[in-house]
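# Descriptive analysis of the structure
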Amino acid sequence: MRCVFVVVLLLLAGCGTVPKDTRNACAVFEQRDGLFNNWRRAAYAAEREYGVPVPVLMATIYTESGFQHNARPPRTKLFGFIPWTRVSSAYGYSQALDGTWARYQAETGRWTARRTDFADAIRFIAWYHNQSHQQNGIALNDPYRLYIAYYHGHGGYARGNWSQTAQTGAKRASGMAALYAQQLRGCGS
């Protein structure tokens, strides 16, 4: 009984930690290649389902949460020092907002999907990028514009009034997508 408990603890210990080298897609996939928690398998399943390349999906997660399963925006401060509310409801790997996540669950029927689960989060990102493609005509392999639409929403993207923060994030996502694509060609994706 004690051995089973230790094995379960070891399996769970790796679930909430950030991979060691998040700038290397091959290393990330090697560190998360478990039987039940296989990030490579989840990423390529999302790519097959929605047509968004794995490097674009991984770069979005890198830019949004840095692969932290429970990432949240910082809290505002009341009177300059008392922790108060958060600036948005963004949460998890995908930093999906509550309303957008609920819409995803309703439209896809994935009611048990969680933002803290990598497979669910990467599938959400693929779904959202596919929606950006359908609604705004953004190419599925254009990480810069897909990120802008992800950050500002489909309407915000269409209006074209993009913030400097979104453009900086889009450049970061675009650069990471190119790096990840190069790496994945070399590690036998």
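The structure presented is a predicted model; accordingly, all values stated were derived computationally and were not measured.

Once that is clear, we can look at the pattern of salt bridges. It is possible for side chains bearing opposite charge to pair when their charged atoms get close. Counted under the stated rule, the structure contains six salt bridges. In this structure, the salt-bridge partner of Arg103 is Glu107, at a minimum N-O distance of 3.1 Å. Here Arg103 pairs with Glu107, and both are found in helix α5 (residues 98-108), just four residues apart, close to one helical turn. We classify Arg103 as partly exposed; its relative accessible area is 30%. Given the relative accessible area of 49%, Glu107 is considered partly exposed.

Turning our eyes to something else, we now look at the layout of surface pockets. What the largest pocket holds in volume is close to 420 Å³. Lining the largest pocket are 19 residues, and of these Glu64, Gln95, Tyr147, Tyr150 and Tyr151 sit closest to its centre. Of all the secondary-structure elements, those providing two or more residues to the lining of the largest pocket are α4 (54-65), α6 (118-136), α7 (143-159) and α8 (164-186). Per-element tally for the lining of the largest pocket: the top contributor is α7, with five residues. Per-class residue counts for the lining of the largest pocket are eight nonpolar, nine polar and two charged.

Following the criterion strictly, the structure yields 17 aromatic pairs and no others. Note on Trp39 and Tyr93: the rings are 5.6 Å apart at their centroids and 85 degrees apart in plane angle, and the pair reads as edge-to-face. Note that Trp39 is positioned in helix α3 (residues 39-50) and Tyr93 in the loop between β2 (82-86) and α5, a separation of 54 residues in sequence. Tyr93 carries the same exposure label as Trp39, and that label is buried. Three or more aromatic residues joined by ring pairs form one cluster here, namely Trp101, Tyr104, Phe124, Trp127, Tyr128 and Tyr150. Its guanidinium or amino end placed over the ring of Trp39, Arg32 lies 5.2 Å from that ring's centre, counting from NZ or CZ.

Here is what the cut-offs are and how they apply
- Residues numbered from 1 in each chain as written.
- Predicted model: local features only at pLDDT ≥ 70, side-chain atom pairs only at ≥ 80, totals over all residues.
- Heavy atoms only, no water.
- Salt bridge = Lys/Arg side-chain N within 4 Å of Asp/Glu carboxyl O.
- Helix = DSSP H or I, 4+ residues; strand = E, 2+ residues; numbered from the N terminus.
- Buried < 20%, exposed > 50% of the residue type's maximum accessible area, 1.4 Å probe, protein only.
- 1 Å grid on protein atoms, 1.4 Å probe; cavity = no way out; pocket = protein on both sides within 12 Å on 5 of 7 lines; lining within 4 Å.
- Points joined across faces, edges and corners; volume = space filled by probe spheres on them.
- Nonpolar A, V, L, I, M, F, W, Y, C, P; charged D, E, K, R; others polar.
- Phe/Tyr/Trp six-rings, centres within 6.5 Å; stacked < 30°, edge-to-face > 60°.
- Lys NZ or Arg CZ within 6 Å of the ring centre and 35° of its normal.

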